[in-house]
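Breakdown of the fold
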Amino acid sequence: MRRGNAAKIYKAAAETRKKELEISKVVHELEEKKKRIALELHDEKVEKIISDHDEALEKANDNHLRLVSDIDSAEEATQAIKDRLK
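The structure presented is a predicted model; accordingly, all values stated were derived computationally and were not measured. (Residues numbered from 1 in each chain as written. Predicted model: local features only at pLDDT ≥ 70, side-chain atom pairs only at ≥ 80, totals over all residues. Heavy atoms only, no water.)

**So, the overall build of the protein**
- For the protein, the count of helices and strands is 2 helices and 0 strands.
- Relative to the globule expectation of 12 Å for 86 residues, the C-alpha radius of gyration of the protein, 34 Å, shows a markedly less compact shape.
- Expressed as a percentage of the 86 residues in the protein, the buried residues total 0%.
- For the protein, the accessible surface area stands at approximately 8,400 Å², while carbon and sulfur atoms represent 59% of it. (Helix = DSSP H or I, 4+ residues; strand = E, 2+ residues; numbered from the N terminus. Rg over C-alpha atoms; globule rule 2.2 N^0.38 Å. Buried < 20%, exposed > 50% of the residue type's maximum accessible area, 1.4 Å probe, protein only. Areas by Shrake-Rupley, 256 points an atom, 1.4 Å probe, with all protein chains shown as cover.)

**Focus: the layout of surface pockets**
- In this structure, the largest pocket encloses a volume near 270 Å³.
- Lining the largest pocket are Ala 60, Asn 63, His 64, Leu 67, Val 68, Asp 70, Ile 71, Ala 80, Ile 81 and Arg 84.
- Of all the secondary structure elements, the ones that give two or more residues to the lining of the largest pocket are α1 (2-70) and α2 (74-85).
- Of all the elements, α1 adds the most residues to the lining of the largest pocket, at 6 residues.
- Grouping the amino acids of the lining of the largest pocket by side-chain chemistry returns 6 nonpolar, 2 polar and 2 charged. (1 Å grid on protein atoms, 1.4 Å probe; cavity = no way out; pocket = protein on both sides within 12 Å on 5 of 7 lines; lining within 4 Å. Points joined across faces, edges and corners; volume = space filled by probe spheres on them. Nonpolar A, V, L, I, M, F, W, Y, C, P; charged D, E, K, R; others polar.)

**What to know about a negative patch on the surface**
- Judged by side-chain charge, Glu 40, Asp 43, Glu 44 and Glu 47 come together as a negatively charged surface patch.
- Mapped onto the fold, Glu 47 is located in helix α1. (Patch = residues over 30% accessible without salt bridge, like charges linked within 9 Å, V, L, I, M, F, W, Y side chains within 5 Å. Salt bridge = Lys/Arg side-chain N within 4 Å of Asp/Glu carboxyl O. Lys, Arg positive; Asp, Glu negative; His and termini not counted. Charge placed at Lys NZ, Arg CZ, Asp CG, Glu CD.)

**Considering the pattern of salt bridges**
- In total, this model carries 3 salt bridges according to the counting rule given.
- For Glu 20, the salt bridge goes to Arg 17, with nearest N and O atoms at 3.6 Å. Placement of the pair is Glu 20 and Arg 17 together in helix α1, with a separation of 3 residues, close to one helical turn.
- On the basis of relative accessibility, which here comes to 40%, the residue Glu 20 falls in the partly exposed class.
- What makes Arg 17 partly exposed here is its relative accessible area of 47%.
- Between Lys 35 and Glu 32 there is a salt bridge, and its shortest N-O distance comes to 3.9 Å. With a gap of 3 residues between them, Lys 35 and Glu 32 both fall in helix α1, about one helical turn apart.

Purely geometric numbers; function is a separate question.
Right, dumping it as structure tokens:
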């Protein structure tokens, strides 16, 4: 009788271990998928930030060039500095 019980216990333990391994595999696959999605989102956000930054730099440079081109004399330069410091 004991041999039969031991065999059942070992069989149940083997099945439980097999299920644990299957679950671990699924969990690992889900974790990898979440990591991949997170990296894709991160890359998209970084690209957006860089794009926005480049646009802001271009706009600032354009404004600077426009302001500098509007200054034709020392008096205008002095006035531009005073206006900027207000």
